[in-house]
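Chain residues, written in single-letter form:
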Amino acid sequence: MTVTDHPQAPAVGPERSRATRLVDRVLKLRELAILLVLLAMIAITQADNSEFLSTQGVKDLLLNATILILVATGQALVVVTRNVDLSVGSVLGLCAFAAGDHLQNGGSVTVAILLAVTLGIGCGLLNGALVSLGQVPALVVTLGSLYIVRGLDSLWVGSRQITASDLPGGFVDFGSGGIGAVPWLVLIALAVLVTTAYYLRHYGGGRELYALGSNPEAARLAGIPVRRRVLAVYTACGALSGLAGALYLARFGNVDSSTGSGYELTVVSAVVVGGVAFTGGSGSVWGAALGALLLTTVGSVLPALGVSSVWVLAVNGVLLVLAIAVDRIVALRVARTLKKRALSNRREGHHG
C-alpha cells in the first residue's frame, strides 16, 4: 500500500498554513508507522508459519480486507467533514440481500450490482439530507437509520437465507477469483481508492471537504457550499456501502438478516486507526485503507500464531484507544508548537 501526500484545506493566514503543514508531516509518519507495524506482523507470522504467505494465504489476506477498505473509504469522506455514518453495516446487509434476492430470481449480475449501489445511494441521501438540510446531529441521524434499516431488513428477510447454490456460478467465482494472488475484488477496491484519493487532492471540491472539517463556520463564510458537500459525502458513503454489499455477496455467497450487524464499529475503528481524525479536517483514504488492512490482518495473524480468535476484538479495541490517544497528543503538541511560534513572532515584531 502506498503512502501519499495529504490534500490541504485552504489555509487562512500564516498560522493556519503552519498548522496544516505540521499536521501533514505527522500524518505521513502515522501512516508509515502503520505500514511498518503491518509488515512486522506479517514477517513474524511468516517466520512462525511458512504457509502464511503462500499464494492462497496472500489472496485470503487481501480478500479479507477488501470489503472493509471499500466501506472505510466512504466513511473516511464523512469523518473528514467532522461527521460520522453509523448505518454503513446495516446498509451493507440490506444491499447484499437485495442483490442476492434479485440474482436468486434469475436476474442479471449487472442489474443486481446496480440495485445494491442505488439502494445504498438512497440510504446515503436520506442520511445526508437530515444532517445537512435538517441540521440534525450526524450521530443521532445515523444511529437512528442504523436501527431503521436493520429493522426493515429483518422484516423483509425474516428467516430467509441466500447461499452460494442460489447464485450464478460465475458471480461466486468472480468473488474468489483473480490474477494470481491478486483477487478481482481487490482491483475494484484499489480503483475506488485511487479515484477517491485523486479527487481529494486535485479537485477543489475534495479540498473543500478538509476546510469544512477543520472549521465549518469559516468554510461557510468562505463561500463553500457546506450543505451540498455534506450531502455529497453521505451519498458517496452510501454508494460504497451498497457496492460493498454486492461484493460481500460475491465473496461469501451467503447473506441473511444478520449480515453486516456490528460492522459499523469495525469501519469506524479502521478509519480512526488509519489516522482520519474524528474531529475532522485531516487524514486520507489511504490511511483508512491501511487501518482496514491492519485490523483484518490482526484477525488472520493471531489464529496463525495459535492465539485464540477471541483476542481479535480486544486487540482491535487497544488499537482504537491508542489511535485516539495519539490523535489527542498530536493535537495538543500542534497547538503548543503554534502558540510558541506565535509568541516568538510577536517578540520579534516588538524588537523590530
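Residues numbered from 1 in each chain as written. Predicted model: local features only at pLDDT ≥ 70, side-chain atom pairs only at ≥ 80, totals over all residues. Heavy atoms only, no water.

## A word on the overall build of the protein chain
The following threshold applies: A run of H or I in DSSP becomes a helix once it reaches four residues, and a run of E becomes a strand once it reaches two; helices and strands are each numbered from the N terminus. Under the scheme applied here, a residue whose accessible area is under 20% of the maximum for its type counts as buried, over 50% as exposed, and between as partly exposed, the area being computed with a 1.4 Å probe on protein chains only. We call two residues in contact whenever any of their non-hydrogen atoms come within 4.5 Å of each other. For the area figures, the Shrake-Rupley method with a 1.4 Å probe applies, and any residue is considered shielded solely by the protein chains shown.
Helix and strand content of the protein chain: 13 helices and two strands. Evaluated residue by residue, the protein chain yields a buried proportion of 47% over its 352 residues. Of the contacts formed within the protein chain by residues at least 6 apart in sequence, a portion of 78% connects residues at least 24 apart. About 16,100 Å² of surface is accessible on the protein chain, with carbon and sulfur atoms providing 65% of the total.

## Here's the deal with the confidence of the model for the protein chain
Any residue range with low pLDDT should be treated as having predicted coordinates unsuitable for detailed reading. Rules: Think of pLDDT as the predictor's per-residue confidence, scored from 0 to 100.
Per-residue confidence for the protein chain averages 85 on the pLDDT scale, and 85% of its residues sit at or above 70. At the level of individual helices and strands, the protein chain shows its lowest average pLDDT in helix α13 (residues 311-351), which scores 69, and its highest in helix α10 (residues 226-252), which scores 96. Segment residues 1-16: pLDDT under 50, and 44 contacts once partners within four positions in sequence are set aside and those in other chains are kept.

## Quick word on unusual backbone geometry
A positive phi angle is found at Arg 82, which is not glycine, with a value near 70°. Here Arg 82 is to be found in the loop between α2 (55-80) and α3 (88-104). Unlike most non-glycine residues, Gln 135 shows phi in positive territory, near 60°. Looking at the element boundaries, Gln 135 is found in the loop between α4 (109-133) and α5 (138-157). Residue Gln 135 is classed as partly exposed on the basis of its relative accessible area of 48%.

## Looking at the packing of aromatic side chains
In plain terms, the rule: In this analysis, rings of Phe, Tyr and Trp, with Trp reduced to its six-membered ring, are considered paired at centre separations within 6.5 Å, and the interplanar angle assigns stacked below 30 degrees, edge-to-face beyond 60, and tilted for intermediate values.
All told, the structure shown has four aromatic pairs when counted by the stated rule. Measuring from centroid to centroid gives 6.1 Å for Tyr 198 and Tyr 203, while their planes differ by 65°, and the two rings are edge-to-face. Among the residues examined, Tyr 198 registers a relative accessible area of 48% and is labelled partly exposed. Given the relative accessible area of 45%, Tyr 203 is considered partly exposed.

## What to know about the packing of α3 against α4
When two helices pack together, their arrangement is given by the angle between the helix axes and the distance between those axes. The line we're drawing: In this analysis, axes come from line fits to C-alpha atoms, helices being fitted only over the stretch in contact, and the angle between any two N-to-C directions falls in the range 0 to 180 degrees. An angle below 35 degrees is treated as roughly parallel, one above 145 as roughly antiparallel, one from 65 to 115 as roughly perpendicular, and anything else as oblique. For a crossing to be left-handed, the near helix must be turned anticlockwise from the far one by less than a right angle; the clockwise case is right-handed. Classification convention: Asp, Glu, Lys, Arg as charged; Ala, Val, Leu, Ile, Met, Phe, Trp, Tyr, Cys, Pro as nonpolar; all other residues, Gly among them, as polar.
Where α3 meets α4, the axes come as close as 8 Å, and the angle between the chain directions of the two elements is 150°. The pairing of α3 with α4 is recorded here as roughly antiparallel in orientation. For the element pair α3 and α4, the recorded crossing hand is right-handed. Contacts between α3 and α4 involve Val 91, Leu 94, Cys 95, Ala 98, Ala 99, His 102 and Leu 103 on the former and, on the latter, Val 109, Val 111, Ala 112, Leu 115, Ala 116, Leu 119, Gly 120 and Cys 123. Partitioning the contact of α3 with α4 into residue classes produces 13 nonpolar, two polar and no charged.

## Focus: the environment of Ala 116
If you trace the backbone, Ala 116 turns up in helix α4. A C-alpha to C-alpha distance of 4.6 Å links Ala 116 and Cys 95, two positions 21 residues apart in sequence.

## Section: the nonpolar core
The line we're drawing: Grouping buried Ala, Val, Leu, Ile, Met, Phe, Trp, Tyr and Cys residues that are joined through side-chain atoms within 4.5 Å yields what is termed a nonpolar core.
Core analysis: the biggest nonpolar cluster contains 71 residues, and Ile 69, Leu 70, Val 71, Tyr 234, Tyr 263 and Val 276 have the highest contact counts within it. For this core, the element with the highest residue contribution is α2, accounting for 14 residues. Discounting residues that sit within four places of it in the chain, Val 276 has contacts with Ala 76, Val 79, Val 80, Val 271, Ser 282, Gly 283, Ser 284 and Ala 288. Grouped together as the second largest cluster of nonpolar side chains are 19 residues, Ala 96, Cys 123, Phe 171 and Val 255 included.

## Observations regarding the pattern of salt bridges
What counts is decided by this rule: Note on definitions: salt bridges are taken to be side-chain nitrogens of Lys or Arg within 4 Å of carboxyl oxygens of Asp or Glu.
Per the counting criterion, the structure on display carries four salt bridges. Notably, a salt bridge pairs Glu 208 with Arg 229, separated by 2.8 Å at the nearest N-O pair. With Glu 208 in helix α8 (residues 204-214) and Arg 229 in helix α10, the pair connects residues that are 21 residues apart, well separated along the chain. The exposure class of Arg 229 is buried, given its relative accessible area of 16%. Close ionic contact of Glu 217 with Arg 220 constitutes a salt bridge, the shortest N to O distance being 2.9 Å. Taken together, the positions of Glu 217 and Arg 220, both in helix α9 (residues 216-221) and three residues apart, correspond to about one turn of that helix. Accessibility expressed as a relative area gives 43% for Glu 217, which makes it partly exposed.

## Notes on α8
When you tally the buried positions in α8, you get eight out of 11 residues, the bulk of the element. Its buried side turned inward, α8 meets α2, α7 (184-202), α9 and α10.

## Focus on the environment of Val 186
Looking at where Val 186 falls in the secondary structure, it is placed in helix α7. Those residues within four positions of Val 186 in sequence are excluded, and the remaining contacts are Leu 62, Leu 63 and Thr 66.

## Focus: the packing of α2 against α10
Contact pair α2 / α10: the axes reach a minimum separation of 7 Å and the direction vectors enclose 170°. Regarding the angle of α2 to α10, the classification is roughly antiparallel. In this structure, α2 uses Leu 63, Asn 64, Ile 67, Leu 70, Val 71, Thr 73, Gly 74, Gln 75, Leu 77 and Val 78 to contact α10, whose residues at the interface are Val 233, Tyr 234, Ala 236, Cys 237, Leu 240, Ser 241, Leu 243, Ala 244, Leu 247, Tyr 248 and Arg 251. Within the contact of α2 with α10, the residues separate by chemical class into 15 nonpolar, five polar and one charged.

## Some words on a nonpolar patch on the surface
Our working rule: Patch rule: a residue counts if its relative accessible area is over 30% and it has no salt bridge; like charges are joined within 9 Å, and nonpolar side chains (Val, Leu, Ile, Met, Phe, Trp, Tyr) within 5 Å.
On the surface, a nonpolar cluster with roughly 490 Å² of combined accessible area is contributed by Ile 44, Leu 305, Val 307, Val 310 and Trp 311. Note on placement: Leu 305 falls in the loop between α12 (285-304) and α13.

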